[in-house]
Amino acid sequence: MRTYDGTLLTKKSNAIGVLTNKNDVIPRGNFILYKDNTDFSDFGFKGYITKSDKLPPFSRVGVRINNGDSINQHFGDIIRISSEGQIQVLWEAQSTQNALFLTDACNVNCIMCPQPQKAHDKENVTAAHRVLDLLRGQNVSSICITGGEPTLLKNDFLSILKRCSNEHPYAHINILTNGQTLHDFEYAKQCALNSSIHTCFCVSMHGDNKIIHDRIVQKNGAFHNVHSTLYNLSKLKVGIEIRFVVSKLNFMRLPNLPDFFFRSYPFVHHFAIMGLEMSGCAANNIDEIWIDPIDYQSQINKFVIEAERRGINFSIYNHQLCTLPKNAWIHAKQSISKWKQTFIKQCAQCDIQDQCGGFFATSKNLISREIKPVIL
């Protein structure tokens, strides 16, 4: 999420509200006011962001920032003032890539995970409920529920899923999961019962056999659990996507995947072939997992040919068009969240930059050696 640093002016912290620069909004308790200098008339807001040290009387949460220009773009967005004085953007009103982050905890240890697991903090669930409170009655087109592994939270996860489904029945809901908990049919059934018809479970599968998949997620039996989860979700008639992250450990399996997917999981609605985000665990394991996308271009080409031949619905995420064979361009999506998407100087003269997925700003400039502008 986008974050901005500030300095706490109050002992209390952790306020969540809609960012505004107007003091005529109601109820004020739903809003966080940004104003260079606050005064007595600004009393009653959930929190304050200011350039001064002065807050209205009885203010519960306030933070000082030196430069307000950076957050001017977030009026109307849902933000949190954290206990460290950070300003965190939890929901961008004009974005279709918003997510409810429920936990840092996980039950696998993927070698290429960009986000190392941590102990679960229940405040994440509280924050998700608060965001949904503030979104009630609004037209929301899409919601992603993620972590960590969100399904680990059982009842807390179900409560969030139920609210998303009931309060936003037309929103597309994507649940990012490693498929380890939903091999329990009764739990999978509860998830299905609390899902709208627009819900999709995006399940990670990083190999077409247990040797590769279990090595990558570093858990014995993980491949079997994913297989069971996929069949459980199929029986329950919910949307399913399989996500395959390409690395040095599995890129050679790409040409085999279409036949494996077609024969094993004909009920899956969508398949995603994903590029690496080289941060967190991925950055720590760079020698073991990093491969230049240009070095598996022929494998991607074969995957596309075989997948198209079988009529498989698939997309390619997190790749730059100049690293892909041309037959893959039509399947490539701009999947990197806007807040961490970037381009480099070579891209400035590219004729198709507006169609390209770009780069992860979090990947510390680790890019393909063959990045070059495409001139049409």
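Because the structure is a prediction, the values reported are computed rather than measured. (Residues numbered from 1 in each chain as written. Predicted model: local features only at pLDDT ≥ 70, side-chain atom pairs only at ≥ 80, totals over all residues. Heavy atoms only, no water.)

Participant: I would appreciate a short explanation of the pattern of salt bridges in the present structure.
Facilitator: Should their charged atoms come close, side chains of opposite charge can pair. Taken as a whole and judged by the stated rule, the model has 19 salt bridges. The salt bridge partner of Arg163 is Asp133, with a shortest N-O separation of 2.8 Å. Highlighted residues: Arg163 in helix α2 (residues 155-167) and Asp133 in helix α1 (residues 123-135), separated in sequence by 30 residues. Using a relative accessible area of 14% as the deciding quantity, one classes Arg163 as buried. The exposure class assigned to Asp133 is partly exposed, which follows from its relative accessible area of 33%. (Salt bridge = Lys/Arg side-chain N within 4 Å of Asp/Glu carboxyl O. Helix = DSSP H or I, 4+ residues; strand = E, 2+ residues; numbered from the N terminus. Buried < 20%, exposed > 50% of the residue type's maximum accessible area, 1.4 Å probe, protein only.)

Participant: Would you take a moment to explain the packing of aromatic side chains for this structure?
Facilitator: For the structure shown, the criterion picks out 10 aromatic pairs. Ring geometry for Phe45 against Tyr48: centres 6.0 Å apart, planes inclined by 75°, an arrangement best described as edge-to-face. This pair shows no difference in class: Phe45 is buried, exactly as Tyr48 is. Arranged with centres 6.0 Å apart and planes meeting at 55°, the rings of Tyr231 and Tyr265 form a pair that is tilted. (Phe/Tyr/Trp six-rings, centres within 6.5 Å; stacked < 30°, edge-to-face > 60°.)

Participant: Looking at this model, I keep getting lost on the sheet that holds strand β11 (residues 172-177). Mind explaining?
Facilitator: Strand pairing within a sheet occurs via backbone hydrogen bonds; the two strands may be parallel or antiparallel. Strand order in the open sheet formed by seven strands is β9-β10-β11-β12-β13-β14-β15, and the pairing between neighbours is parallel. Strands at the two margins of the open sheet, each flanked by one partner only, are β9 (99-101) and β15 (314-317). Within the sheet, the average angular offset between the axes of one strand and its neighbour, ignoring direction, is 20°. Bridge count between β11 and strand β12 (residues 199-204): five bridges; the pairing is parallel. Bridged to Leu176 within β12 is Cys202. On top of the sheet, helix α5 (residues 222-235) reaches β12 and β13 (239-245); it is set at about 165° to β12, its chief contact. (Pairing = 2+ DSSP bridges. Axes fitted to C-alpha atoms, helices over the stretch in contact; angles between N-to-C directions. Contact = heavy atoms within 4.5 Å.)

Participant: Mind showing me how you'd approach the nonpolar core here?
Facilitator: One recurring pattern in soluble globular proteins is that nonpolar side chains are buried together. In this structure, Leu100, Ile145 and Phe157 are the most contacted members of the largest nonpolar core, which totals 80 residues. Per element, the largest residue contribution to this core is seven residues, and it comes from α1. With residues up to four places along the chain from it excluded, the contact list for Leu100 reads Trp91, Ala128, Val131, Leu132, Ile143, Cys144, Ile145, Thr146, Ile160 and Cys164. Counting 18 residues, the second largest nonpolar core, distinct from the first, contains Ile212, Ile216, Val245 and Ala272. (Core = buried A, V, L, I, M, F, W, Y, C linked by side-chain atoms within 4.5 Å.)

Participant: What is the right way to read the environment of Ala283 from this model?
Facilitator: Topologically, Ala283 is positioned in helix α7 (residues 281-284). For Ala283 and Leu152, which are 131 residues apart along the polypeptide, the C-alpha to C-alpha distance reads 25 Å.

Participant: When you look at helix α3 (residues 185-193) in this model, what are you seeing that I'm missing?
Facilitator: Note that an α-helix has 3.6 residues per turn; residues three or four places apart therefore point the same way. Regarding α3, the residues found buried are Tyr187, Ala188, Cys191 and Ala192. For α3, the angular spread of buried residues about the axis comes to 145°, placing them on one side. (Arc of directions from axis to C-beta.)

Participant: Any chance you could explain the sheet that holds strand β7 (residues 78-81) here in plain terms?
Facilitator: The strand order across the open sheet formed by eight strands is β1-β8-β7-β3-β4-β5-β6-β2, and the pairing between neighbours is mixed. The sheet terminates laterally at β1 (3-4) and β2 (7-8), the two strands that pair on one side only. Relative to strand β8 (residues 87-91), β7 is paired through four bridges, and the arrangement is antiparallel. Following the sheet pairing, Ile81 is matched in β8 by Ile87. Contacting β3 (15-20), β7 and β8, α1 runs over the sheet at an angle of about 145° to β7.

Participant: What exactly am I supposed to notice about the packing of α1 against α2 here?
Facilitator: Two numbers describe a pair of packed helices, the interaxial angle and the distance between the axes. Here α1 crosses α2 at 10°, and the two axes come no closer than 11 Å. When the axes of α1 and α2 are compared, the pair comes out roughly parallel. Together, Val125, Ala128, His129, Leu132 and Asp133 of α1 and Asp156, Ser159, Ile160, Arg163, Cys164 and Glu167 of α2 make up the contact between the two elements. Of the residues contributing to the contact of α1 with α2, the split by class is five nonpolar, two polar and four charged. (Parallel < 35°, antiparallel > 145°, perpendicular 65-115°, else oblique. Nonpolar A, V, L, I, M, F, W, Y, C, P; charged D, E, K, R; others polar.)

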